[in-house]
Amino acid sequence: MTVSPNAEGAGLRPAVLADRGQVHAWLVKAYESPFFCVEQRPPSREEFLADYEELFFTDRSPRQGRVFIITRDGADTGAVSYDARHHGPGRADVDIWLAEEALCGRGRGGAALGLLWPYLRGRIGLRRALMSPCARNLRAVRCYEKAGFKPLGYLPRRELERRYGPLDCPHALVMERPL
Ligand SMILES: CC(C)(COP(=O)(O)OP(=O)(O)OC[C@H]1O[C@@H](n2cnc3c(N)ncnc32)[C@H](O)[C@@H]1OP(=O)(O)O)[C@@H](O)C(=O)NCCC(=O)NCCS
């Protein structure tokens, strides 16, 4: 499934295994963003490969998850993924990172998420998307609010993890959006 570019030239293409190294490199770079929590460290290549298994870069198991490359006027500008391995039916975690800081804060994250929803709803049959940014990553939180996500209330971390699984960051905020 390739999402054709919209009027602004934003599109999504399914990531392939050859993209895996680049997607990891973008993620490592994203941790240098001034908005990223200083208490988090980027995943090593081994950790990334263990989490983002091969199935995320093939069409083998779309019900479990996938990575898409965010494109702008044909150029690769970041990655967005969904991961339905850890929640009940109809729900998935979504994550997104743009390729470099200069691309951020220009509405591109929200545009990419807007392209993903029809696919998740129509093709995969998902009903809810979850995101868990660090609460201190104000730009990401704002972007997700604009994209229709609402925080699930400020539950103690232990309770959040009981309900939603392990969280990357000590200040993680779980946000949810109906699809
Ligand atoms: C998170 C990310 C995908 C968001 O995409 P984006 O294209 O940068 O987001 P947008 O431009 O659509 O929206 C950012 C919003 O944050 C706002 N913002 C920027 N700095 C802010 C601040 N210090 N405080 C509050 N809001 C802020 C912007 O004004 C904008 O809101 P507005 O449109 O109402 O003015 C992108 O910034 C990114 O890849 N960051 C690095 C990786 C990352 O943090 N990933 C998320 C991990 S959960």
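Scroll up for the structure.
My aim in this report is to walk through the structure given alongside it, one point at a time. (Residues numbered from 1 in each chain as written. Predicted model: local features only at pLDDT ≥ 70, side-chain atom pairs only at ≥ 80, totals over all residues. Heavy atoms only, no water.)

### Some thoughts on the pattern of salt bridges
Pairing between side chains of opposite charge can happen when the charged atoms of each approach one another. Evaluated as defined, the whole model comprises 16 salt bridges. Between Asp19 and Arg13 there is a salt bridge whose closest N-O contact spans 2.9 Å. Overall, the relative accessible area of 22% leaves Arg13 in the partly exposed class. Measuring nitrogen to oxygen at the nearest pair gives 2.8 Å for the salt bridge that ties Arg85 to Asp83. On the basis of relative accessibility, which here comes to 21%, the residue Arg85 falls in the partly exposed class. (Salt bridge = Lys/Arg side-chain N within 4 Å of Asp/Glu carboxyl O. Buried < 20%, exposed > 50% of the residue type's maximum accessible area, 1.4 Å probe, protein only.)

### Topic: the nonpolar core
Core analysis: the largest hydrophobic core is formed by 49 residues, its most contacted members being Val94, Leu113 and Leu120. Every element with two or more residues in this core is listed here: strand E1 (10-14), helix H1 (20-30), strand E2 (65-72), strand E3 (75-83), strand E4 (91-98), helix H3 (108-122), strand E5 (128-131) and helix H4 (138-146). Sort the elements by how many residues they give to this core and H3 lands first, with seven residues. With near-sequence residues (within four places) excluded, Val94 lies in contact with Val80, Ser81, Tyr82, Leu113, Leu116, Trp117, Leu120, Ala129, Leu130 and Met131. (Core = buried A, V, L, I, M, F, W, Y, C linked by side-chain atoms within 4.5 Å. Helix = DSSP H or I, 4+ residues; strand = E, 2+ residues; numbered from the N terminus. Contact = heavy atoms within 4.5 Å.)

### Comments concerning the pairing of E5
The sheet contact formed by E4 and E5 spans three bridges and is parallel. Looking at the pairing, Asp93 lines up with Leu130 of E5. As a crossover connection, the stretch from E4 through H3 into E5 is right-handed. Sheet topology note: the E5/strand E7 (residues 175-178) ladder contains four bridges and is antiparallel. Bridge pairing in E7 links Ala129 to Arg177. (Pairing = 2+ DSSP bridges. Right-handed = clockwise from strand over helix to strand, strands pointing away.)

### Notes on the packing of aromatic side chains
Using the criterion set out here, one finds eight aromatic pairs in the structure. A network of ring pairs unites the aromatic residues Phe48, Tyr52, Phe56 and Trp97 as a single cluster. (Phe/Tyr/Trp six-rings, centres within 6.5 Å; stacked < 30°, edge-to-face > 60°.)

### A few points about the site of the ligand
Close to the ligand lie 22 residues, the nearest being Leu98, Gly105, Gly107, Gly109 and Lys146. Separating an oxygen atom of the ligand from a backbone N or O atom of Arg106 is a distance of 3.2 Å. Expressed as a share of its isolated accessible area of 950 Å², the protein-covered part of the ligand is 74%. Where the shell around the ligand is concerned, the elements lending two or more residues are E4, H3 and H4. The element that contributes the greatest number of residues to the shell around the ligand is H4, accounting for seven residues. For the shell around the ligand, the per-class residue count stands at 12 nonpolar, five polar and five charged. (Near = heavy atom within 4 Å. Polar contact = N/O pair within 3.5 Å; in protein donor to acceptor, adjacent residues only side chain to side chain. Areas by Shrake-Rupley, 256 points an atom, 1.4 Å probe, with all protein chains shown as cover. Nonpolar A, V, L, I, M, F, W, Y, C, P; charged D, E, K, R; others polar.)

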